[in-house]
Amino acid sequence: MPLEFDRKSQRFSIPGAAFLPPTDFTAEEALSLIALAGEMGRSAALPFYEPAYTAALKLEANLPAPIRQELGRMTRGIKIRLNQVGHLSGKSSVYQALVNAIESRRVVQIDYDSYTEWEQITTKLRAYQVLFSRRSWYVVGRSSLHREVRMFNVTRIASLKLLGQRFVIPRSFDLDRYLRNAWHLIPAPGRDSHVIVRFKPLVAGNVAEVIWHKTQKTKLLPDGSLEFRATVSGLIEIAWWILGYGDQAEALRPARLRRLVAQRAQNMAAMYNGSC
């Protein structure tokens, strides 16, 4: 069904159909939909973006020719670059099975290539939620093997079987509460740690302009360096982040984080010096 465009109001409308209520949107909204879906939907790595891309193509095809040409010129001037995403190639069926299991509240049994246990494990999973973060899809739920809520990378699920057993997602479950103040996705048990890192002037501006963590506080010092503070649940992930800045970052507190970063830096030096 073709779109109708009112030049006076500068709005498009889609006449109502049995399965879709009337919809209207501005030229700016149409540009945003087509540009975003076109830029981000060409890859099958993100399940929801590929259908969005095909929907945008249909939307664009139904626009009046002059408007379509104008939007084409505008979208060619827009480029969006994202981090590389781990592909779901071969795992789309696993992803969809997890979504269906969450909707139907059915337990699944998974064989999982674990980087924690360093072997393939088998566990019954009560899947609570799927999550896309940075580069990968994850599923969060209660694992029968670990007897607690765990997070699993979807691409490392070797096989999945839907079981007849049903479950109820606890009302107390909340993803943000589960993650607490994890630097990324791995909250550690115990009390949170108050972290202080000093970044040298060469990278201070780069660090200061990005929101790395929801608790962060930054302060530019008179010598051009940057004091970075955050409260995190676990030190492993933030230690890797600090090490990524090499000799431009120094972990000051807590002492346990400083020792952790120092030990890994020593291990790196030994590796490059050929002494290990």
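Rules used in this analysis
- Residues numbered from 1 in each chain as written.
- Predicted model: local features only at pLDDT ≥ 70, side-chain atom pairs only at ≥ 80, totals over all residues.
- Heavy atoms only, no water.
- Helix = DSSP H or I, 4+ residues; strand = E, 2+ residues; numbered from the N terminus.
- Buried < 20%, exposed > 50% of the residue type's maximum accessible area, 1.4 Å probe, protein only.
- Contact = heavy atoms within 4.5 Å.
- Areas by Shrake-Rupley, 256 points an atom, 1.4 Å probe, with all protein chains shown as cover.
- Pairing = 2+ DSSP bridges.
- Polar contact = N/O pair within 3.5 Å; in protein donor to acceptor, adjacent residues only side chain to side chain.
- Phe/Tyr/Trp six-rings, centres within 6.5 Å; stacked < 30°, edge-to-face > 60°.
- Lys NZ or Arg CZ within 6 Å of the ring centre and 35° of its normal.
- 1 Å grid on protein atoms, 1.4 Å probe; cavity = no way out; pocket = protein on both sides within 12 Å on 5 of 7 lines; lining within 4 Å.
- Points joined across faces, edges and corners; volume = space filled by probe spheres on them.
- Nonpolar A, V, L, I, M, F, W, Y, C, P; charged D, E, K, R; others polar.

(A) Spotlight on the overall build of the protein. Counting its regular elements, the protein contains eight helices and 12 strands. Per-residue burial for the protein yields a buried fraction of 37% across its 276 residues. Intrachain contacts of the protein at a sequence separation of at least 6 include 56% that bridge at least 24 residues. About 17,200 Å² of surface is accessible on the protein, with carbon and sulfur atoms providing 53% of the total.

(B) Inspection of helix α7 (residues 236–243) at higher detail. When you tally the buried positions in α7, you get six out of eight residues, the bulk of the element. Listing the buried residues of α7 in full gives E237, I238, A239, W241, I242 and L243. Lining the buried residues of α7 we find β9 (193–199), α6 (201–208), β11 (226–232), β12 (249–253) and α8 (255–273).

(C) A look at the pairing of β11. When you tally the buried positions in β11, you get five out of seven residues, the bulk of the element. For β9 and β11, the ladder comprises seven bridges, and the chain directions are antiparallel. Each bridged residue has a counterpart across the sheet, and for R198 the counterpart in β11 is E227. Relative to β11, strand β10 (residues 217–220) is paired through four bridges, and the arrangement is antiparallel. Within β11, the residue paired with K217 across the bridge is R229.

(D) Spotlight on the side chain of S133. Position of S133 relative to the elements: it lies in strand β5 (residues 119–133). S133 sits in the buried class, given a relative accessible area of 13%. Among the polar contacts listed, one links the side chain of S133 to the side chain of H184, at a separation of 2.7 Å. Every residue in contact with S133, bar those within four places of it in the chain, is listed here: Y138, H184 and L185.

(E) Here's a closer look at the packing of aromatic side chains. Following the criterion strictly, the structure yields 13 aromatic pairs and no others. Aromatic ring contacts, followed pair by pair, group W183, F199, W212, F228, W241 and Y245 into a single cluster. Residue placement shows R156 over the ring face of Y115; its charged tip is 3.9 Å from the ring centre.

(F) Fine view of unusual backbone geometry. Along the chain, R253 connects to P254 via a cis peptide bond; the corresponding omega equals -5 degrees. Along the chain, P254 falls in the loop between β12 and α8. In the Ramachandran plot, R147 falls in the positive-phi region, its phi being about 60 degrees despite a non-glycine side chain. Along the polypeptide, R147 turns up in the loop between β6 (136–143) and β7 (148–153). With a relative accessible area of 68%, R147 lands in the exposed category. Positioned with a positive phi, R180 is a non-glycine residue whose angle comes to about 55 degrees. Position of R180 among the secondary structure elements: in the loop between α5 (175–179) and β9.

(G) A look at the environment of I186. For I186, the position within the fold is in the loop between α5 and β9. In this structure, the C-alpha to C-alpha distance between I186 and R150, residues 36 residues apart in sequence, is 9.5 Å.

(H) Broad picture of the layout of surface pockets. If you add up the space inside the largest pocket, you get close to 1,200 Å³. Looking at the largest pocket, it is lined by 35 residues, and the ones nearest its centre are M151, L185, I186, P187 and E237. Counting only elements with at least two residues in the lining of the largest pocket, the list comes to β4 (106–114), β7 and α7. Tallied by class, residues from the lining of the largest pocket come to 19 nonpolar, eight polar and eight charged.

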